[in-house]
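Examining the three-dimensional arrangement
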Amino acid sequence: MLKENYDAVAEKVKNACARAGRSKKEVTIIAVSKTKPLSDVVELQQYGVMDFGENKVQELCSKYEEIEKPVRWHLIGHLQTNKVKYIVDKVELIHSVDSLKLAKQISKEAIKKEVTVPILIQVNVAQEDTKFGLDTDEVMDLVYEISQLPNIAIKGLMTIAPFVDDPEENRDYFRKLKQLFVDIDEKNFDNVDMSILSMGMTNDYEVAIEEGATMIRVGTGIFGARNYNI
Ligand SMILES: *Cc1c(COP(=O)(O)O)cnc(C)c1O
C-alpha cells in the first residue's frame, strides 16, 4: 500500500519534470512521516526510500533512536532554540531556519558536536500570519549574516504555501521563491550554496516542480490522512 502510494507520487514527479524539461533526478521526494508509526518508515525503507521528514524534534529523535538501519531525517517544522542541541548531529537538513537567533544556536551546538549543519531558510512568501518564516525582503540580509557563522551551511530556501483547493493558486508563490533563490545565488556569498529549493506538498507538488522545486515534502499522499487525536 505505502509502496503503491509512493510509486504513484514518483510517477507524477516524473511527469511534472518532463513537462518542465527537467530530469527527475533533480527532485528528491521527502516522505513526511510525522504522526505515523516507525513501522511505516521501515516499510518504505525496505523499498529503498531514504529521505523522511518530521516536524517535531521529539518525534524525530525517538524514531532516530529506534530505527535499526539509518535513514536521512529532515526537520521540516518550527524549531525552538532550546531543542537545537538534540538534533544537530541527527539531521540531514533543517528546512525551517527563520531567524539569526536560531542560526546562532545551531552554529553553537554544531561546534560542540563537531559537525557542520546544512540548513534552508524558511520564507513566508504568501505572508500568511499563521505561518513561520521570513518576509521576502528580510531574506537577503539574514542569508549574509548566517553565512558568517561557523559550522552551519546554507543550502537553499523552503516555503510552506497556503492550503488551497486549486494548486494553480500557489504557482506565483513558488515562482517568487525561485526568483529569490536565483537572486541570492547571484550574490555569490562565501559559504552559501544555493542548490536546494524545498517547496510543494501533497496538494501542490506538481506545480512546485514545474516552478523549480528540488525537494518536495509529501505526507498524506504517501501515508494517508493523519490522525492528530491519538
Ligand atoms: C506536514 C507537512 C508536510 C506534508 O504535508 P502533506 O499535505 O500531508 O503532504 C510538508 N511540509 C511541512 C512543513 C509539514 O509540516
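Throughout what follows, the structure given in this document is the object of discussion. (Residues numbered from 1 in each chain as written. Predicted model: local features only at pLDDT ≥ 70, side-chain atom pairs only at ≥ 80, totals over all residues. Heavy atoms only, no water.)

**Some remarks on the overall build of the protein chain**
So the rule is basically this: By the criteria applied, helices consist of DSSP H or I runs no shorter than four residues and strands consist of E runs no shorter than two, each listed in order from the N terminus. We compute the radius of gyration from the C-alpha atoms alone; for a globule the expected value is 2.2 Å times N to the 0.38, where N is the number of residues. Each residue gets one of three labels from its accessible area relative to the maximum for its type: buried under 20%, exposed over 50%, partly exposed in between, using a 1.4 Å probe on protein chains only. By definition in these notes, contact holds between two residues if any of their heavy atoms fall within 4.5 Å. The protein chains shown are the only cover counted for residues, whose accessible areas, like all others here, come from Shrake-Rupley with a 1.4 Å probe. Positive charges are assigned to Lys and Arg, negative charges to Asp and Glu, while His and the chain termini are left out of the count. Just so you know, the charge point we use is NZ for Lys, CZ for Arg, CG for Asp and CD for Glu.
Scanning the protein chain from terminus to terminus reveals nine helices and eight strands. Here the protein chain has a C-alpha radius of gyration of 17 Å; the compact-globule value for 230 residues is 17 Å, and the two agree. Taken over the C-alpha atoms alone, the protein chain extends approximately 45 × 40 × 35 Å along its principal axes. Taken over 230 residues, the protein chain has a buried fraction of 49%. If you take every contact in the protein chain between residues at least 6 apart in sequence, the share linking residues at least 24 apart comes to 60%. With the model as given, the accessible surface of the protein chain reaches about 11,400 Å², and the carbon-plus-sulfur share is 47%. Distance between charge centroids for the protein chain: 3 Å, based on 30 positive and 38 negative side chains.

**Points about the packing of helix α6 (residues 136-147) against helix α7 (residues 171-187)**
So the rule is basically this: Axes here refer to lines fitted to C-alpha atoms; in helices the fit is confined to the stretch in contact. Angles between the N-to-C directions go from 0 to 180 degrees. Angles below 35 degrees are treated as roughly parallel, those above 145 as roughly antiparallel, those between 65 and 115 as roughly perpendicular, and all remaining angles as oblique. A clockwise turn of the near helix away from the far one marks a right-handed crossing, whereas an anticlockwise turn of less than a right angle marks a left-handed crossing. Throughout this entry, Asp, Glu, Lys and Arg are counted as charged residues, while Ala, Val, Leu, Ile, Met, Phe, Trp, Tyr, Cys and Pro are counted as nonpolar. The remaining residues, Gly among them, count as polar.
Running from amino to carboxyl end, α6 crosses α7 at an angle of 25°, the nearest separation of the two axes being 11 Å. When the axis of α6 is compared with that of α7, the two are roughly parallel. Regarding α6 and α7, the two cross each other, and that crossing is right-handed. From α6, Thr136, Val139, Met140 and Val143 reach across to α7, where they touch Leu180, Asp183, Ile184 and Lys187. Here the residues of the contact of α6 with α7 are counted per class, giving five nonpolar, one polar and two charged.

**Quick look at the pairing of strand β3 (residues 72-75)**
Put simply, the rule reads: Between any two strands, at least two bridges found by DSSP are needed for them to pair. For a crossover, the right-handed case is the one in which the path from the first strand over the helix to the second runs clockwise, viewed with the strands pointing away from the viewer.
Where strand β2 (residues 51-54) lies against β3, four bridges are found, and the strand directions are parallel. The partner of aspartate 51 across the bridge, within β3, is arginine 72. After leaving β2, the chain enters helix α3 (residues 57-66) and then returns to the sheet as β3, a path that is right-handed. In the sheet, β3 pairs with strand β4 (residues 93-97) via two bridges, with the strands oriented parallel. Counterpart to histidine 74 in the pairing with β4 is leucine 93.

**Topic: the site of the ligand**
For clarity, the threshold we go by: Near is defined per residue: the residue qualifies when any heavy atom it owns lies within 4 Å of the molecule or strand. Whenever a nitrogen or oxygen atom comes within 3.5 Å of another N or O atom, the pair is scored as a polar contact, on the condition that within protein one atom can donate a hydrogen and the other can accept it, and that pairs from neighbouring residues in sequence are kept only if both atoms are in side chains. The distinction between a cavity and a pocket rests on a 1 Å grid over the protein atoms alone: a 1.4 Å probe fits inside a cavity but cannot get out, while a pocket stays open yet meets protein on both sides within 12 Å along at least five of seven lines, and a residue with an atom within 4 Å of a point counts as lining. To qualify as sitting in a cavity or pocket, a molecule needs more than half of its atoms within 2 Å of the grid points.
The local shell around the ligand consists of Val32, Lys34, Ile76, Ile160, Met201, Thr202, Arg217, Val218, Gly219, Thr220 and Arg226. Within the side chain of lysine 34, one N or O atom sits 2.7 Å away from an oxygen atom of the ligand. Between a nitrogen atom of the ligand and a side-chain N or O atom of arginine 217, the distance comes to 2.8 Å. Because more than half of its atoms lie within 2 Å of the grid, the ligand is assigned to the largest pocket. When grouped by side-chain class, the residues that make up the shell around the ligand number five nonpolar, three polar and three charged.

**A closer look at the nonpolar core**
Test applied: Within this scheme, the nonpolar core is defined by two criteria: the residues are buried Ala, Val, Leu, Ile, Met, Phe, Trp, Tyr or Cys, and they are joined through side-chain atoms within 4.5 Å.
Ranked by internal contacts, the top residues of the largest apolar core, which has 66 residues, are Ile94, Ile106, Ile119, Ile121, Ile146 and Leu157. In terms of residue count, helix α1 (residues 2-19) provides more of this core than any other element does, six residues in total. Setting aside its immediate chain neighbours within four residues, isoleucine 106 contacts Leu79, Val84, Val88, Ile94, Val97, Val117, Ile119 and Ile152. Listed in part, the six residues of the second largest apolar core include Ile30, Leu93, Met158 and Ile196.

**Considering helix α5 (residues 100-113)**
The test is simple: The length a helix should cover is 1.5 Å for every residue beyond the first.
With 14 residues, α5 should cover 20 Å at 1.5 Å per step; its first-to-last C-alpha distance of 20 Å lies within 8% of that length. Those residues of α5 that sit buried are Leu102, Ala103, Gln105, Ile106, Ser107, Glu109 and Ala110. The elements touched by buried residues of α5 are α4 (84-87), β4, β5 (117-122), α6 and β6 (152-158). One or two positions beyond α5, positive phi appears at glutamate 114, with a value near 55°.

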